[in-house]
Amino acid sequence: MAKYVLPGERRRHEYQDQRERWLQKLPQMSRRDFFRTAAQAAAAATVAWKGFPPHSFQLINVAEAKETAPKFTIAYISDSHILDKGMNHRFIRACQKAAQDVNALDPQPDFVLFGGDLAQLGKPEELAIGQGILKTLKAPVRMMVGEHDWYLDMGEKWREMFGEPTYSFDHKGVHFIVLNSVIVEDYWTAPKMTPMQRMLAMAQLDNPNGRPFTVGEAQRDWLKKDLAKVDKKTPIIVFSHSPLYKYYRPWNFWTDDAEQVQQILAPFSSVTVIHAHTHQPLTNRINNITFHGVLSTAWPWPYAPQGLPPLTVQMVRADPFNQFDGCGWGTVTALDNGQVNKRYNLWDRNPMDVTWDDVSAGKKWVAQTDAQLKGNVSWPSY
Amino acid sequence: MTQWGRSVMIFVTLALGGSLAALAAGGDAPRHQLPAAADGQSKVVGLCDGKTSVTVTGVAPGERMDATKAREVATELMDKYDATLQVAHGGTEHTSRELRVWEAETKRVIDDGYKLFHSPEIGTNGISCDMCHPDASNTHPETYPKFQTQLKKVALLRDMINWCIENPLEGPKLADGDDKMKALEAYILSTRKGVPLDPGKH
Amino acid sequence: MQKGKSLLVSMLGAVVLHLPQGVLEPEIPKQNPLTPAKVELGRRLYFDKRLSADGTLSCATCHDPLKGFADGRPVAIGIKNQAGARNSPTVLYAGFNEVQFWDGRAPTLEEQAKQPLINPVEMGQPSHEAVVKAVVALPEYGDGFNVAFGSRDVTIERIAEAIASFERTLAPFASPFDRFLAGDKQAISDNAQRGFTLFQGKARCVTCHEFTTSFPYFTDNKFHNIGVAMKGNFEQLARAAQSVAGKGAVTQESELAHKPGFEALGRWIVTRQPKDIGAFKTSGLRNIALTAPYMHDGSLKTLEEVMDFYNKGGEPNPNLDGGIRPLNLTKDEVADVIAFMQSLSDDNGGTNFDWEQLKELSRKTRAGEIVTAPAP
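Residues numbered from 1 in each chain as written. Chains lettered and ligands numbered in written order. Predicted model: local features only at pLDDT ≥ 70, side-chain atom pairs only at ≥ 80, totals over all residues. Heavy atoms only, no water.

**Things to note about the overall build of chain C**
Stated precisely, the cut-off is as follows: Under the DSSP-based scheme used, a helix requires at least four consecutive residues in state H or I and a strand at least two consecutive residues in state E, with every element numbered from the N terminus. Accessible area is worked out with a 1.4 Å probe on protein chains only. A residue is then buried under 20% of its type maximum, exposed over 50%, and partly exposed in between. We call two residues contacting when some pair of their heavy atoms lies within 4.5 Å. Only the protein chains shown count as cover for residues, with accessible areas throughout obtained via the Shrake-Rupley method and a probe of 1.4 Å.
When helices and strands are counted, chain C shows 14 helices and 2 strands. Burial status across chain C gives 61% buried among its 376 residues. When contacts within chain C are restricted to residue pairs at least 6 apart in sequence, long-range pairs at least 24 apart make up 66% of them. In the structure as shown, chain C presents an accessible area of about 15400 Å², 54% of it carried by carbon and sulfur atoms.

This is how it looks when you write it as structure tokens:
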């Protein structure tokens, strides 16, 4: 029997009033003003405006078996694709909305993963705006890079702002690995493409001349060395922008050396990959590895015509009248048994859970709606 | 049967018996290179156009057909010939120049549509159509006209294109007859070649 | 003038519900087919103050024909001058709604009619039995029930069915806009015509305030959070509401809908889904100029205030419907949309009903007779 465990009391309206006034002023605000008030908003956010929005209601299944008891939770915000077109731009507002939703969680997640594609065109201004928004998060933030962040200047600005894209760390007994899995073979030097031309080519998802994402030999070697020190029973969670498996090549929902990466991870008993780039709920399991996609805050991609992993519960296609439909953020809850439960907090929709029980049972159409349960919806709708 | 048809029939009948050379007005006539029969053992009969042929199952090469069978074969050849004939308006064939020009023009409009579809300049907020519709997926042009829930009325593809330009892309809609709209429609439709029409499908 | 088919024609040729060409019939529950006798009985009950606990309030008190079948107040004032928490919606065209109340907690007009009778801040009766007793004590109703239902028995179901039947006929389709739709291009001003175009275009109204020939009431019958009254302390309320046992129990929903503070939960009260907090049913727009003030709590006083509210992008809150965004309408465009909305008012405030003829018709109909026929 599921019951809602409601977070703490809201104490005052102060944060909300401040935020409202701030939002009203946004259209006229210069970037400098924005960052100044963003800092204020971060401070104000610590005033306990807890428990809202609705996605912060933590649904706890009290009848869960002991092995799948939750250990800790992290949140993610991803694929914000920020454009520098005025502070009222919907991508900026969506990223802020996600940050506010995460800040309203009680209890707070252990950390927040940013899943890549912070900027849309890799421009320093875009990255700066994104960084400003992420700075308003109360929880610590771990960054992961996407191709939109990288290919204007080959990651120079990213490294300056956020450090090396490839790293690992341990947290509460789980070994976390963050990869730069958007390495592609150089196709821009020979035709003498300008940096922006290169960026625009990488930015077009359906680019017929695109090259597949890879992790690459250097990182695979790094990964082998990093994992050499890790016990095979330690749960591993890998953060990767590209999926680390092969879904749909024409849209680069693909990692070309996926098998080799999976091979390196094969000896470990519990491995989860949390990947971005696909802007849609996505679930896969290959041997010992579970793969979960994350939502974008900016826009949803449709499901590809082929290659969709059968474990995936598809979200119903978005309504373009609603600028936040099909978008959102989410959480990953690490379990005692080393696996994870995944939650998709879709805006304007009910949250969607994909639990370890679902994955291990190979359960497919975990119902998102009653209509699905009754089989009244024919899938896919694309 | 038309006068022309009768002539062809006679030609075919004669061709069965002997070589084409017997009918040529002197000199070397082009030989119709007949394809082999699919089953390896049936007779193949060729038409005077040098391209069309028919396999006559149950009849061996060199075997003579009776009148009824021969007429059947001739009719089949003629039907096949009519189907492959490109006749221009007015009764003359299309020239290869015309065909090349048409293909180039169509391709150009489709390519223009492709560029617009992938361009952030149609709207004012940097969003382009391919963000929600990579490779024009999810556009379903074959389902129009249909009741479009965002418009709350029955719409054509172009109505929805304009709605998307105004709403998610926050741009000015395209005027009736604007070439840009034609190009966008051309590109979107070109991605659904061969998909059966299904107007009204939600 | 109205053309089209009649839903209900008696053998005397009088008309009870008249629909213009192409308009779909309302969905009427099978157990309550529309008959003139029920409509007439319902009309009498609708206006009868003796159905309330102290004899001061009838349906018509808050749904007054002279006030667009609403009451002109921000929230309703019920028995002993108690204020409720919700704005009274108009009954005109309510028979075409998929569900009733701002939070959609009543699936039919019949179910809706039962609630105000026993609401402690509305008509104040202690129970439905008390209502039945009150009606039984009025001998003049015996014949009415007999003719309408085939026996003199009074039940709450029958009371509700009669009132609902009457309400279903409150659909005049007699506005300037209706005449414009029927072909009279002079029926509404140029401003209003431009407003109609904006309504379907730049102003982004039509997607929620759905208008089609088949269903011309300007509502999608869905629930949206546009940010009105974001004063609620939601999670505290949700926790308190959660402690109330039994999701969907009608009394609890009705209570919550009127508890100050709780009522801001809106559709959540029915579905208990967090995404529905603060979401309310899209109001229809026919006669909107007659039914100020606006929104579920009457907090917007004029159509200008409503337009400004939407033009700025509603009220920011975490649950704000993603379809709401600033519209950037100019002052002239706003005025045009308002002019359009004003053209949606039925002639004579929607009171053009020949109730004398209805009484006559009802008297001449045999008990329980159901008479339906399409117009020639």
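That covers the picture; the talk isn't over yet.
**Some words on the overall build of chain A**
Of the regular secondary structure elements, chain A holds 11 helices and 16 strands. In chain A, which comprises 382 residues, the share counted as buried stands at 60%. Counting only contacts in chain A whose residues sit at least 6 apart along the sequence, the fraction spanning at least 24 positions is 74%.

**Some points on the pattern of salt bridges**
Here is the rule we go by: We define a salt bridge as a side-chain nitrogen of Lys or Arg found within 4 Å of a carboxyl oxygen belonging to Asp or Glu.
One pass over the full model with this rule turns up 32 salt bridges over all chains. Between Arg343 of chain A and Asp353 of chain A there is a salt bridge, with the nearest N and O atoms lying 2.9 Å from each other. Taken as a pair, Arg343 of chain A in strand S15 (residues 340-346) and Asp353 of chain A in strand S16 (residues 352-354) lie far apart in primary sequence, 10 residues in all. The residue Arg108 of chain B makes a salt bridge to Asp112 of chain B at a minimum N-O spacing of 3.8 Å. Note that Arg108 of chain B and Asp112 of chain B are positioned in helix H3 (residues 96-117) at a spacing of 4 residues, about one turn of the helix. The class of Arg108 of chain B is partly exposed, set by a relative accessible area of 42%.

**Structural notes on the interface of chain C and chain B**
For clarity, the threshold we go by: Buried area: the accessible area, evaluated with a 1.4 Å probe, that two parts lose upon being put together, summed over both parts. Two N or O atoms form a polar contact when they lie within 3.5 Å of each other; inside protein one atom must be a possible hydrogen donor and the other a possible acceptor, and for residues adjacent in sequence the pair counts only when both atoms belong to side chains. Basically, the charged four are Asp, Glu, Lys and Arg, the nonpolar ten are Ala, Val, Leu, Ile, Met, Phe, Trp, Tyr, Cys and Pro, and anything else, Gly included, counts as polar.
Listed by partner, the interface residues are 9 residues for chain C and 10 residues for chain B. Summed over both partners, the interface of chain C with chain B comes to about 690 Å²; 43% of that surface belongs to carbon and sulfur atoms. Ranking the residues of chain C by area buried against chain B places Gln200, Thr207 and Arg325 of chain C at the top, with a combined share of 51%. For the pair chain C and chain B, the number of links is 6 residue pairs in polar contact (both at pLDDT 80 or more). By residue class, the composition of the side of chain C that touches chain B is 2 nonpolar, 3 polar and 4 charged.

**Overview of the state of the cysteines**
Here a disulfide denotes one covalent bond, and it connects the sulfur atoms of two cysteines. The condition that has to hold: Throughout, disulfides are identified as pairs of cysteine sulfur atoms within 2.5 Å of each other.
Evaluation of the coordinates by the stated rule reveals 0 disulfides over all chains. Free of any disulfide, Cys129 of chain B has its nearest cysteine sulfur in Cys164 of chain B, 7.3 Å distant. Its sulfur unpaired, Cys208 of chain C is 9.3 Å from the next cysteine sulfur, which belongs to Cys205 of chain C.

**Focus on the sheet that holds strand S13 (residues 289-293) of chain A**
Strand pairing within a sheet occurs via backbone hydrogen bonds; the two strands may be parallel or antiparallel. All names here are of chain A. Counted only if it meets this: Each pair of strands is called paired provided DSSP finds at least two bridges between the two strands. To obtain an axis, a line is fitted to C-alpha atoms, over the contacting stretch when the element is a helix, and the angle between two such axes runs from 0 to 180 degrees between their N-to-C directions.
Pairing within the open sheet is mixed, and its 6 strands lie in the order S6-S7-S8-S11-S13-S12. Across the chains shown, the open sheet's two edge strands, defined by having one partner strand only, are strand S6 (167-171) and strand S12 (283-286). With strand direction ignored, the average angle separating the axes of adjacent strands in the sheet is 20 degrees. By the bridge criterion, 4 bridges tie strand S7 (residues 174-178) to strand S8 (residues 236-240) in an arrangement that is parallel. Bridge pairing in S8 links Val178 to Phe239. Against the sheet, helix H8 (residues 217-228) engages S6, S7 and S8, with an angle of about 165 degrees to S7.

**Observations concerning the nonpolar core**
Here is the rule: We define the nonpolar core as a collection of buried residues of types Ala, Val, Leu, Ile, Met, Phe, Trp, Tyr and Cys that are connected through side-chain atoms lying within 4.5 Å of one another.
Among the nonpolar cores identified, the biggest contains 127 residues, and Leu227, Ile236, Val238 and Phe239 of chain A are the most heavily contacted of them. If you tally residues by element for this core, the top one is helix H3 (residues 90-103) of chain A, at 7 residues. Listed in part, the 44 residues of the second largest apolar core include Leu17, Met123, Ala148 and Ala162 of chain C.

**So, the pairing of strand S1 (residues 43-46) of chain B**
Residues and elements named next belong to chain B. Direction of pairing for S1 relative to strand S2 (residues 53-56): antiparallel, over a ladder of 4 bridges. Bridge pairing in S2 links Val45 to Val54. If you look at the hairpin formed by S1 and S2, you'll find 6 residues sitting between the two strands, and Gly50 has a positive phi there, around 80 degrees.

**Description of the confidence of the model for chain A**
Close reading of the predicted structure is inappropriate where its pLDDT is low. Operational definition: Across the chain, each position has a pLDDT score giving the predictor's confidence in that residue, from 0 to 100.
The predicted model of chain A averages 83 in pLDDT, with 77% of residues at 70 or higher. Contacts for the low-pLDDT stretch residues 1-20 of chain A, under 50 throughout, to residues beyond four places or in other chains number 63 contacts.

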